[in-house]
Each structure stands twice: as C-alpha cells, then as structure tokens.
Amino acid sequence: MTCHAMSANSDLSKTVRDKYMRLPQGDKVQVTYIWIDGTGEGLHCKTRTLESEPKGIEDVPEWNFFGSSVFWSDGSNSDMYLVPVCLFKDPFTLDRNKLVLCEVLRHNREPTETNLRSSCHQVMEQAGHSHPWFGMEQEYLLLGIDKHPFGWPKNGYPEPKGSYSCSVGTNKVYGRDIAECHYKACLYAGVKIAGINTEAMPSQWEFQVGPGEGIAMGDHLWMARFLLHRVCEDFGVVATLDPKPMTGNWYGAGCHTNFSTEAMRNQGGLQHIEEAIEKLSKRHSYHIRMYDPKGGADNSRRLTGSHETSSIHEFSAGINNRSASIRIPHQVGQDGCGYFEDRRPAANCDPYAVMEAITRTCVLNEAEPVPAGEVP
C-alpha cells in the first residue's frame, strides 16, 4: 500500500482561499518579484502593491532585499537590488496581477556571482546576427516532503524498467494533476511552454520550453521552474531538479538543450551543424563545467554512459544517438537542416550558463585554451 507524505499546505481549504481571492482590489495590482538566490539553484519571491497595472517591464520599479537571508553575505553591504527583466501574468492571483523575473545586483550595482543572466545577455547581443534559437527539455521528479518519490511504495520500489515514458494508467503514472496544472499555469502566464510528458522513472516528468531566441529562453525556463514549485505548494509535494535523485538502476534528470542558428535552419544547414559539433568536441571540459551549478560534480552522478547518457569523460556525437553528448535528430539528417540536441546539461543547470557556453563556442567561435580543470 502506498502512503504519501504531503505537506500541511495540501490540507488548507482552497474554498476558503477562493473567497478572499475573489475580492475586488480596485485599480491596484499585486506584483510578485522573483529572483535566483546565492546557490544558483533556489528561487525566492516577495510581493508589493503598485497603483496601476504595469503595461511593460519599464513600468515595474526596482526593489531590494536583504542578501544575507538568501545565501549571500557581504558584511555590512548585504542589501541587493532587484532589477525587473521579464514580465508575466500571475496565474495564482490572476491578471491584472503580475509576476516579474529579476536580475540581482549588489549594492555597487555589479551583478552577483549567480546572476549569470548579465553576461549571457551580453553574449546574446554579440551573437544576434546569427539568430540563435534554444529549446530546453526540463526533467524533474516529484517527491513527498520525506524526500521519497511521490507514489512509490514506502517499503519497496516500482519496477525499474517499466514502460513509464509517455505512459498512461494508474499503475504507471503518478502526479498527472500536478504536471497538467503546471502546464496550464505556464500557458496563462505567457511562458513559452511547448509540451509535457511522463519520463522514464515513475513520478518523473518533463516539460519543454521554447523555441526562444536569445536571452528569452533562459527567462522563460526560470519562470516555468518558479511556477512548478508554486503549483507543487498547492499539492503539498516537492519537485526536485537533482540530476540523479535516485541512486541505482534509475534514470537521471537532464535539461537537454536544442540549439540552432539561422544558417543551421536554412537549406544546407547540416554542414553548419557539423561544424558546430566539431567546435564543441574541442571544448568538452569547459561545457561540462558550465552545465551544472557545481562545475560538473552534480552531472558526474548522471553522465555515466548508462540510462541513455554519454560518459562525462568523453565527447561523442551521432544521428539519433541518445547515448551521445550531441544528438542530431533523424529528421534533421534527412532534411539536411535544422538543429542539434546537447544532451549533457543537468536538470539543475542554469539555462543562462548553458546558452552562453553554446553560443560562445558555436557562434562567437571562441577556441582559446580553456582554463585548466579536470572533469569530475
């Protein structure tokens, strides 16, 4: 028998909440500011009242917060600036209320160490002539608050190699309500979500965001992650982006990244794809360090060469090869143009870091020696 360890949030009356949510608020609007914390993985938020609905990002004022409370410590100068960068509708308190993704700056207006959007944006500006498109496939696992996978037996395990991917049925799928509510929340908010599916492990799901050009891809993926965690609050469960949440004969979790330039998408683009892959092959260790927040240490648990992954120690590429570092989809090989899929990024990667690394290598042709550092 399965027993779910769910948080107290799931016991609160949503009917009572809805009574208050329906109250009129006049011309005033609630704007929730969202930012990435000092770990480079966690998200935080707080809400303020504006006198009127912001029509664009320029109508949302900067704000601030105390950095030491969210893993930054800088002595007496721990006040941080929240600089709005991307505006969305709020699916929880409904439009005209808003969600706003923010960059974080220190007291001296310099980006924090985990504000990777700042440098990524500069790189995207430099590469704008190539019109880089990204699409990212975010895998995650649902957990109870006891950190045990949602729906799994408490004193046992499901069949490791059951047909769980894209499955249907009570004995195969756990948490569909959560995934579908997240999907709807993203659509309402204006996130460029492309789809969802169950993955290769029970309670594991994937959503896809994109295609998005330039910096927008990172903005939309981070907002989709925020919405996922917020939806999970309502259901009393946890979504983890750990690249290997369950040890043993279980699949890990990645954030496969699809990439193309205008030249790759046009007729004859396969040659440009192959040239980009050749460039990537020469900077494997650099990309591994950029593809998870711990410089490759997290991904070393996942990229073992098993469970449809490549080895973290070797670069590989192939048509329709899901055990390669880089996969060229079969249709792209047939059409002679399109995109490639980098299968190395971990589920907990910072999309800005991934996008910047791929663009630096494939578009800006950076090939200078990569700083020394062994792959974990």
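The name an unreviewed UniProt entry gives the protein chain is Glutamine synthetase, with Erpetoichthys calabaricus as the organism. Recorded in UniProt for the protein chain, the comment headed Sequence similarities (unreviewed entry) runs: "Belongs to the glutamine synthetase family." The record held by UniProt for the protein chain lists under Subcellular location (unreviewed entry) the comment "Cytoplasm".

**Q** Whenever I open this one, the overall build of the protein chain confuses me. Can you help?
**A** Regarding its fold elements, the protein chain presents 9 helices and 13 strands. Expressed as lengths along the three principal axes of its C-alpha atoms, the size of the protein chain is roughly 60 × 55 × 45 Å. Per-residue burial over the protein chain gives 51% buried out of 376 residues. Contacts in the protein chain between residues at least 24 apart in sequence constitute 67% of all its contacts with a sequence separation of at least 6. Carbon and sulfur atoms form 50% of the exposed surface of the protein chain, whose accessible area is close to 17100 Å². Of the side chains in the protein chain, 37 bear a positive and 47 a negative charge, and the two mean positions are spaced by 4 Å.

**Q** How do you make sense of the side chain of Arg343 when you look at a structure like this?
**A** By the secondary structure assignment, Arg343 is in the loop between strand 13 (340-342) and helix 9 (351-362). A polar atom in the side chain of Arg343 sits 3.5 Å from the side chain of His256. At 3.2 Å, the side chain of Arg343 and the side chain of Glu341 are in polar contact.

**Q** Any chance you could explain the sheet that holds strand 2 (residues 43-50) here in plain terms?
**A** Within the open sheet, the 5 strands sit side by side as 2-1-5-4-3. Their pairing is mixed. One side of each edge strand has no neighbouring strand; the edge strands of this open sheet are strand 2 and strand 3 (63-66). Between one strand and the next, the sheet's axes are offset by a mean angle of 35°, whatever the strand orientation. Bridging between strand 3 and strand 4 (residues 79-89) involves 4 bridges; their strand directions are antiparallel. Looking at the pairing, Phe66 lines up with Asp79 of strand 4.

**Q** Quick question: what am I supposed to make of the state of the cysteines here?
**A** Defined simply, a disulfide is a covalent bond joining two cysteines at their sulfur atoms. Per the counting criterion, the structure on display carries 0 disulfides. No disulfide involves Cys86; its sulfur sits 10 Å from the nearest other cysteine sulfur, which is in Cys102. Since its relative accessible area comes to 14%, Cys86 is described here as buried. Lacking any disulfide linkage, Cys181 is separated from the closest cysteine sulfur, that of Cys232, by 10 Å. We classify Cys181 as partly exposed; its relative accessible area is 36%.

**Q** Can you help me understand the environment of Lys14 in this one?
**A** Relative to the assigned elements, Lys14 resides in helix 1 (residues 14-21). Using a relative accessible area of 33% as the deciding quantity, one classes Lys14 as partly exposed. Measuring from C-alpha to C-alpha, the distance between Lys14 and His148 comes to 25 Å, with 134 residues separating the pair along the chain. If sequence neighbours within four positions are ignored, Lys14 has contacts with Asn9 and Asp234. One polar contact links the side chain of Lys14 to the main-chain carbonyl oxygen of Asn9, over a distance of 3.5 Å.

**Q** Help me understand the pattern of salt bridges, please; the structure alone is not making it clear to me.
**A** Once the charged atoms of two side chains with opposite charge are near each other, the side chains can pair. Here the structure, examined in full by the defined rule, presents 22 salt bridges. Note that Lys98 and Asp95 form a salt bridge whose closest N and O atoms lie 2.8 Å from each other. With its nearest N and O atoms 3.2 Å apart, the salt bridge here joins Glu341 to Arg343. Residue Glu341 is classed as buried on the basis of its relative accessible area of 1%. Assessed through its relative accessible area of 5%, Arg343 is described here as buried. Look at the salt bridges and you will find they share partners, linking Glu41, Asp242, Lys294, Asp298 and Arg301 into a network.

Definitions and limits used
Residues numbered from 1 in each chain as written. Predicted model: local features only at pLDDT ≥ 70, side-chain atom pairs only at ≥ 80, totals over all residues. Heavy atoms only, no water. UniProt positions renumbered as here; feature names shortened; annotations may be inferred. Helix = DSSP H or I, 4+ residues; strand = E, 2+ residues; numbered from the N terminus. Buried < 20%, exposed > 50% of the residue type's maximum accessible area, 1.4 Å probe, protein only. Contact = heavy atoms within 4.5 Å. Areas by Shrake-Rupley, 256 points an atom, 1.4 Å probe, with all protein chains shown as cover. Lys, Arg positive; Asp, Glu negative; His and termini not counted. Charge placed at Lys NZ, Arg CZ, Asp CG, Glu CD. Polar contact = N/O pair within 3.5 Å; in protein donor to acceptor, adjacent residues only side chain to side chain. Pairing = 2+ DSSP bridges. Axes fitted to C-alpha atoms, helices over the stretch in contact; angles between N-to-C directions. Disulfide = S-S within 2.5 Å. Salt bridge = Lys/Arg side-chain N within 4 Å of Asp/Glu carboxyl O.

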